[in-house]
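Residues per chain, in single letters:
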Amino acid sequence: MAEVLEIQEEHHFDPLTLPNNGEGGEESPMKISYGKTMMWYFLLSDAFTFSAFLIAYAAIRISQPWWPNPNSVFKGFPGFGPEANLPLGFVSVMTFVLILSSVAVVRAVQEGHRMNKKGVMIWMFFGILGGVAFLGCQAWEWNNLIHEGLRPFYNPFGPDANGLTHLVEEHQQWSPGPVAFGALFFGITGFHGFHVFTGVLLNVWGFVATSMGVFHRRGHYEMIEKLGLYWHFVDLVWVFVFLAFYLM
Amino acid sequence: MADHLSDEQYKSAVSAVWKATIILGVVTVVEVIAALILGPKLPKVLMNSFYALASFAKAFFIVGEFMHLKYEKRAFMISLGVPLVFLVWAIIAFASEGQSWFLMNHPK
């Protein structure tokens, strides 16, 4: 009995302080913390979700005889009124806002490595500001397109916008343009916007926790790194949303 | 756990980030200008391949530099990259499926 107890003692398994008994476990093989690893694998699964949406978009778009020309759909710009003709202008601004916001959070992570609490707070603030600005831009763009008549099941962007009238005459539909365009646009940019919104909330929490000195007392700013990973992923997804809806 | 940086590492990390920012900005500007000027003139296939290539370049910069994956262990990079191979199948399969829907609706 005593022997059994001794063996159990020797192989006592504590996930936090693994014993150095030559069976491995004393060293992390990936040299990356548990939290960051899990954030990466969550983002991998999220990448599959976004890929599924974008691939569905591609399949539906390929199945149509034509598709609304982005240069004639996305040409509005705030302050230029309904007659504005600045194709891709506003969405380029949105892209830059998101890239700069991402950069601000990278800087916050770097200041975190230096244990510079004030630096983390300043750069997180700019990161949050960029995220809020992006959401504001998106709200304006959705509002603009809804005013032009775009709905999840109705697409006003007919063939006259592309000079492709002949293709549609033989195939008259109740919606001037491919019906799925609205649902795909609102669905995919909306899902991305939801990620931006969640990211802003998480970053605000990170900012408040930093200002309260939570991470400083902990001795490291790894939480800011995890928030940063999520935030850059949002930027990464935007690259492909931009590609699918605005460029192609 | 926190790998604190020396002054030198810090400086080079900061300059690497600004460099990546400039590259991302320039690639985006080139994409938009190409879409506005060359888009209506050149064949759609050529333009789309250019946009896709430029976007993947941007993606590599974001993942490598901003998300710091370039500096992680190789095994970790592979564990994230290999599952994405499924997407190659998905893109090919669903693109050809879309093509087939088109041909069903528009018989020659």
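Residues numbered from 1 in each chain as written. Chains lettered and ligands numbered in written order. Predicted model: local features only at pLDDT ≥ 70, side-chain atom pairs only at ≥ 80, totals over all residues.

Novice: I'd like a rundown of the domain arrangement of chain B, residues and numbers included.
Specialist: According to the domain assignment, chain B contains domain 1 (1-70) and domain 2 (72-108). Put simply, the middle of domain 1 of chain B and the middle of domain 2 of chain B, counted by C-alpha atoms, are 23 Å apart. (Domains from an automatic or database assignment.)

Novice: Explain the nonpolar core residue by residue, including any values.
Specialist: Core analysis: the largest hydrophobic core is formed by 61 residues, its most contacted members being Val105, Ala108, Val241 and Phe242 of chain A. Where this core is concerned, the elements lending two or more residues are α2 (34-63), α4 (89-113), α5 (117-147), α7 (180-211) and α9 (222-247) of chain A together with α1 (7-37) and α2 (44-66) of chain B. The greatest single-element share of this core, amounting to 18 residues, is contributed by α9 of chain A. What Val105 of chain A contacts, discounting residues up to four positions off in sequence, is Trp123, Met124, Gly127, Gly228 and Trp231 of chain A. (Core = buried A, V, L, I, M, F, W, Y, C linked by C-beta atoms within 7 Å. Buried ≥ 20, exposed ≤ 12 C-beta atoms within 10 Å, placed from the backbone. Helix = DSSP H or I, 4+ residues; strand = E, 2+ residues; numbered from the N terminus. Contact = placed C-beta atoms within 7 Å.)

Novice: Which residues make up the packing of α7 of chain A against α9 of chain A, and what values go with them?
Specialist: All names here are of chain A. Here α7 crosses α9 at 160°, and the two axes come no closer than 10 Å. The orientation of α7 with respect to α9, classified from their angle, is roughly antiparallel. Here α7 and α9 pass one another in a crossing that is left-handed. Contacts between α7 and α9 involve Phe185, Ile188, Thr189, His192, His195, Val196, Gly199, Leu202, Asn203 and Gly206 on the former and, on the latter, Met223, Ile224, Leu227, Tyr230, Trp231, Val234, Val237, Trp238, Val241 and Phe245. Considering only residue class, the contact of α7 with α9 consists of 14 nonpolar, six polar and no charged. (Axes fitted to C-alpha atoms, helices over the stretch in contact; angles between N-to-C directions. Parallel < 35°, antiparallel > 145°, perpendicular 65-115°, else oblique. Left-handed = near helix turned anticlockwise from the far one by under 90°. Nonpolar A, V, L, I, M, F, W, Y, C, P; charged D, E, K, R; others polar.)

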